[in-house]
Amino acid sequence: MGAESGVGDGADVAGFYERVDEGRFLSSGYTRGPWDPGSQHAGPPAALLGRAVEERPGGRGDMRIARITYEILRPVPIGPLELTTSVLRAGRGTEVVEAALAPAGAAPVMLARALRVRVAEDSVPSVVPGPELPPPGEVGPTPFFPVPWEQGYHSAMETRFTRGAFTELGPGTCWMRMRVPLVAGEEPRPLDRVLVAADSGNGISSVVDFGRYLFVNGDLTVHLHRHPAGEWVCVEARTSVDAAGIGLADARLHDEKGPIGRSAQSLFVAPRG
């Protein structure tokens, strides 16, 4: 195993999380991000919060998430987590739901606010903009950039670049597929697959050297105009950085049928050390 690969997490859990009971989860080592051995990549907790919005008691089955915005207040630790949800606004055509993720007995470390829109299948014309991308089957697996631990987000996701690479600077286009479910023993959902991948835009399109600079996002916003389908999600990302240390990673999101939405991350960029 790589150095510091276990920090009290559920190392044997066959998923990013194990459901303990209603609203309580145990994080596994698969959630570990590239920055710190005790902290999660923001993709898995983003997906967990998105699932909480959809699963909330009393939620309407005729609504889907059209936009979800995350505030990453502090690094999400690997360990027991608690989820809560509340409805901020409820209307006939839209509603706003907030979800909070916190270590057991502590203050929230990540918040999500989702706009859900009422849907009625085949009620309006379908308009799908944008060019098609090479499918994931036409490209081979691409390695993650080196990290000093063996188990983590990088080992839980399969990645296939059609443009760029994690080890190359500049815009990148990467198909991503979960190797493990979001919650152990539970079938991954389409929204899980999108949200667990969307936070990788800044890594896919990094424009500064990972070894010399931090480029950490403090938020994530995902817009979805179509419900995703299939196992693969493509993140077509581009990053811009101002010399003062603020960046933006902007991405188009696709599944194998075509475009499904966009994601954006505000970045804190600074020299390491």
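Residues numbered from 1 in each chain as written. Predicted model: local features only at pLDDT ≥ 70, side-chain atom pairs only at ≥ 80, totals over all residues. Heavy atoms only, no water.

(A) Layout of helix α1 (residues 43-55). If you check α1, its first and last C-alpha atoms are 18 Å apart, about what 13 residues at 1.5 Å a residue would give, namely 18 Å. Within α1, 11 of the 13 residues are buried, leaving the element largely enclosed by the surrounding structure. Along α1, the positions that sit buried rather than exposed are Gly43, Pro44, Pro45, Ala46, Ala47, Leu48, Leu49, Gly50, Arg51, Ala52 and Val53. (Helix = DSSP H or I, 4+ residues; strand = E, 2+ residues; numbered from the N terminus. Expected span 1.5 Å × (residues − 1). Buried < 20%, exposed > 50% of the residue type's maximum accessible area, 1.4 Å probe, protein only.)

(B) How the structure looks around the pattern of salt bridges. This structure, assessed with the given rule, holds 17 salt bridges. Between Glu55 and Arg189 there is a salt bridge, with the nearest N and O atoms lying 2.9 Å from each other. One end of the pair, Glu55, is in helix α1; the other, Arg189, is in the loop between β8 (172-178) and α3 (190-198), with 134 residues separating them in the sequence. Take Glu55: its relative accessible area is 30%, and that puts it in the partly exposed class. Glu158 is the partner of Arg177 in a salt bridge, and the nearest nitrogen-oxygen pair spans 2.9 Å. Pair noted here: Arg177 is in strand β8 and Glu158 is in strand β7 (residues 157-163), with a separation of 19 residues, a long-range link. Judged by relative accessible area, Glu158 falls into the buried class, the value being 10%. (Salt bridge = Lys/Arg side-chain N within 4 Å of Asp/Glu carboxyl O.)

(C) Spatial organisation of the packing of α1 against α3. For the pair α1 and α3, the least separation of the axes is 7 Å and the interaxial angle reads 145 degrees. Two packed elements cross with a definite hand, and for α1 against α3 that hand is right-handed. Each of Gly43, Pro44, Ala46, Ala47, Gly50, Arg51 and Glu54 in α1 lies in contact with α3, whose residues at this interface are Leu191, Asp192, Leu195 and Val196. Residue composition of the contact of α1 with α3, by class: six nonpolar, two polar and three charged. (Axes fitted to C-alpha atoms, helices over the stretch in contact; angles between N-to-C directions. Left-handed = near helix turned anticlockwise from the far one by under 90°. Contact = heavy atoms within 4.5 Å. Nonpolar A, V, L, I, M, F, W, Y, C, P; charged D, E, K, R; others polar.)

Keep in mind these numbers describe shape, not what the thing actually does.
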